[in-house]
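Single-letter residue listing:
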Amino acid sequence: MQARIARYQSRSYDWDALKFQADFDPKYRRAQMRYMGTGATGVGADANTVPSDSFTFSTMVLPAQCEGPLHLHDDVEEVFFILRGKILLTLEENGERFETELSERDLISIPPGIYRGLFNHGQEEALMCVMLGSPTPRIPTYPADHPLARIKRN
């Protein structure tokens, strides 16, 4: 049963999981703390997570004035649960755009196939839980006109 327990004391924030984005532009800086699975950040393995065949669970720090760029998961539902701070969430589908502010203890579930992006417009970092419901989430794609769409990853 010990392998199925993930304790906060044994976790650390991984600022490198999405570093390729922050290297492109510091406004994309954010960190992931994995509890179950590796999410869809492109991290291949993390022996310090609880194994799962059905979903991933992590917390994410989004520093003040930073953003998670508009991206799409075509294979997975994604859930954001805000623990601390506020974020501006943008959803886009078929040219229609929807924006809303999410605050502490707010949750949103986003179906596959819808672009989603996050922006911390506050002066304090935001902290959220992120859950992906898929056996093996694929790395997300970006809109064709977004500068990150041109970055090739191994």
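Structure: above.
Residues numbered from 1 in each chain as written. Predicted model: local features only at pLDDT ≥ 70, side-chain atom pairs only at ≥ 80, totals over all residues. Heavy atoms only, no water.

(A) A look at the pairing of strand β9 (residues 126-133). The element β9 is extensively covered by neighbouring structure, given that 6 of its 8 residues are classed as buried. Relative to β9, strand β2 (residues 56-62) runs antiparallel, the two being bridged by 7 bridges. By the bridge assignment, Phe57 is partnered in β9 with Met131. Taken together, the 7 bridges between strand β4 (residues 77-84) and β9 define a ladder with antiparallel strand orientation. Each bridged residue has a counterpart across the sheet, and for Phe81 the counterpart in β9 is Cys129. (Buried < 20%, exposed > 50% of the residue type's maximum accessible area, 1.4 Å probe, protein only. Helix = DSSP H or I, 4+ residues; strand = E, 2+ residues; numbered from the N terminus. Pairing = 2+ DSSP bridges.)

(B) Representation of the environment of Thr141 in the model. With respect to the helices and strands, Thr141 occurs in the segment after β9. When the C-alpha positions of Thr141 and Tyr115 are compared, they lie 9.1 Å apart, and in sequence the two are 26 residues distant. Ignoring anything within four residues of it in the chain, the contact list for Thr141 reads His71, Leu72 and Tyr115. (Contact = heavy atoms within 4.5 Å.)

(C) Highlighting the nonpolar core. Counting residues in hydrophobic clusters, the biggest one holds 21 residues, and the most contacted among them are Phe80, Ile87, Leu89 and Met128. Looking at this core, the elements with two or more residues in it are β2, β4, β5 (87-93), β7 (107-110) and β9. Beyond its immediate stretch of four places on either side in the chain, Met128 contacts Ser58, Thr59, Met60, Leu62, Phe80, Phe81, Ile82, Leu83, Ile87 and Leu118. (Core = buried A, V, L, I, M, F, W, Y, C linked by side-chain atoms within 4.5 Å.)

(D) Just the sheet that holds strand β1 (residues 31-36), in detail. Pairing is antiparallel in the open sheet, where 5 strands are placed in the order β1-β2-β9-β4-β7. Taken across any chain shown, the strands that pair with only one partner, and hence form the sheet edges, are β1 and β7. Strand-to-strand twist in this sheet, taken as the mean axis angle between neighbours without regard to direction, amounts to 20°. By the bridge criterion, 5 bridges tie β1 to β2 in an arrangement that is antiparallel. Residue Met33 lies in a different strand from β2, and its bridge partner there is Thr59. (Axes fitted to C-alpha atoms, helices over the stretch in contact; angles between N-to-C directions.)

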